[in-house]
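Structure assessment
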Amino acid sequence: MAALQDLKKARILVTNDDGYQAPGLEILEEIASQLSDDVWLVAPEVEQSGAGHSLTLRRPLRVRQRGPRHFSVDGTPTDCVLLAVSKILGDRRPDLVLSGVNRGGNMGEDVTYSGTVAAAMEATFLGVPAIALSQEYDASDRIDWGAAADFAPGIIRRLAAGPWHRDLLYSINFPPCPAEKVKGVRAVAQGRRSGHIAVIEGRDPKGRPYMWIGDYTDESSDQPGTDLEAVAHHAVAVTPLHLDLTHAPSLEPLDTLLR
Ligand code: MN
């Protein structure tokens, strides 16, 4: 895929999975506006975190225009990108899709559940370069968007200037600290947490049992060179993700096994 030669002339589509009214989307639109004057926003009407790469097939989708170049869709992040590229933006496709800024990191296992990353995956399937952006927050739950707001424009410019392989997308995770405390920008692999997702059991007010999917039992990761480790050390983590899920080293032994 050709490099994004002139970002100033690029048409940028902004989307997310936290919904049309999420603060992170407003921050991303502001980031995109620093890069280009042709910024379009198509985002889910309600929050879609954890929606992954799901597609709405069993009902029609409604698109609502909210303002100039602003639309909401009553569907998933994937629906938004698909509708934006094939219909809403008209004759000119976007040159770049930015998804986020997600409220919370999308590191390690999150990548497979994330609607934020899935929107960027969908753009990649459609042949449009895409970047997912996520702002990690600390235990206090008070989210500081400073690292994303300060670092994103420069990182996007550098990524756009480089080579962009087919099937490749980038995921950027910003650490939970003020911008001036950020310890560099690192290229890192997708990590894996030490713990697993907890399932909580309880009873509702009528005494009926429920199960509720909770958080990770252990968020930490001891693997160096990963998104989890970089963000824990307050660096910005940039991860190149690939849509071909084939585990290439297994092909030959598998072939032998199946003979
Ligand atoms: Mn989200």
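Whatever comes next refers back to the structure up there.
Residues numbered from 1 in each chain as written. Predicted model: local features only at pLDDT ≥ 70, side-chain atom pairs only at ≥ 80, totals over all residues. Heavy atoms only, no water.

Tetrahedral coordination by four donors sets the ideal angle at the metal to 109.5 degrees; octahedral coordination by six donors sets it to 90 or 180 degrees. Every protein donor of the manganese ion is listed here as Asp-17 (OD), Asp-18 (OD), Ser-49 (OG) and Asn-102 (OD1), and their distances to the metal cover 2.1 to 2.3 Å. On the primary sequence, the residues serving as donors to the manganese ion are separated as D-D-x30-S-x52-N. With respect to burial, Asp-17 and Asp-18 carry one shared label: buried. (Donors = N, O, S within 2.8 Å, 3.2 Å for Na, K, Ca; no water. Buried < 20%, exposed > 50% of the residue type's maximum accessible area, 1.4 Å probe, protein only.)

A side chain with one charge may pair with a side chain of the opposite charge, provided their charged atoms come close. This model, assessed by the stated rule, comprises 14 salt bridges. Two residues, Asp-6 and Lys-9, come together in a salt bridge whose shortest N-O distance is 3.8 Å. Given the relative accessible area of 38%, Asp-6 is considered partly exposed. Lys-9 sits in the exposed class, given a relative accessible area of 63%. Between Arg-186 and Glu-229 there is a salt bridge, and its shortest N-O distance comes to 2.8 Å. (Salt bridge = Lys/Arg side-chain N within 4 Å of Asp/Glu carboxyl O.)

With that settled, consider the packing of aromatic side chains. Per the stated rule, a full pass over the model turns up three aromatic pairs. For the pair Trp-40 and Phe-71, a centre-to-centre distance of 6.3 Å together with 0° between the ring planes defines the contact as stacked. Of this pair, Trp-40 sits in strand E2 (residues 38-44) while Phe-71 sits in strand E4 (residues 70-73), and the two are 31 residues apart along the sequence. An identical accessibility class is assigned to Trp-40 and Phe-71; each is buried. Both rings, one in Tyr-210 and one in Trp-212, keep their centres 6.1 Å apart while their planes meet at 80°; by these two values the pair is edge-to-face. Overall, Tyr-210 belongs to the partly exposed group, its relative accessible area being 32%. (Phe/Tyr/Trp six-rings, centres within 6.5 Å; stacked < 30°, edge-to-face > 60°. Helix = DSSP H or I, 4+ residues; strand = E, 2+ residues; numbered from the N terminus.)

Once that is clear, we can look at the pairing of strand E10 (residues 209-216). Direction of pairing for strand E9 (residues 197-203) relative to E10: antiparallel, over a ladder of six bridges. Looking at E10, one finds that Val-199 is bridged to Ile-213. Hairpin connection, E9 to E10: the antiparallel pair is bridged by five residues, and Gly-207 has positive phi, about 85°. (Pairing = 2+ DSSP bridges.)

The next subject is the side chain of Glu-136. Note on placement: Glu-136 falls in the loop between strand E6 (130-135) and helix H5 (146-161). Of the side chains bearing the opposite charge, Arg-193 lies closest to the buried Glu-136, which forms no salt bridge; the N-O distance is 5.7 Å. A polar contact of 3.1 Å, which involves the side chain of Glu-136, links it to the backbone nitrogen of Gly-105. Those residues in contact with Glu-136, other than ones at most four positions away along the chain, are Gly-104, Gly-105, Met-107, Phe-174, Pro-175, Pro-176 and Val-231. (Lys, Arg positive; Asp, Glu negative; His and termini not counted. Polar contact = N/O pair within 3.5 Å; in protein donor to acceptor, adjacent residues only side chain to side chain. Contact = heavy atoms within 4.5 Å.)

What follows is about helix H4 (residues 115-125). The α-helix winds at 3.6 residues per turn, so residues separated by three or four positions along the chain end up facing the same way. Within H4, ten of the eleven residues are buried, which leaves the element mostly enclosed by the surrounding structure. Taken residue by residue, H4 has Gly-115, Thr-116, Val-117, Ala-118, Ala-119, Ala-120, Met-121, Glu-122, Ala-123 and Thr-124 as its buried positions. The N-terminus of H4 is capped by Ser-114, whose side-chain oxygen sits 3.0 Å from the backbone nitrogen of Thr-116. Gly-127 sits one or two positions beyond H4 and adopts a positive phi of about 85°.

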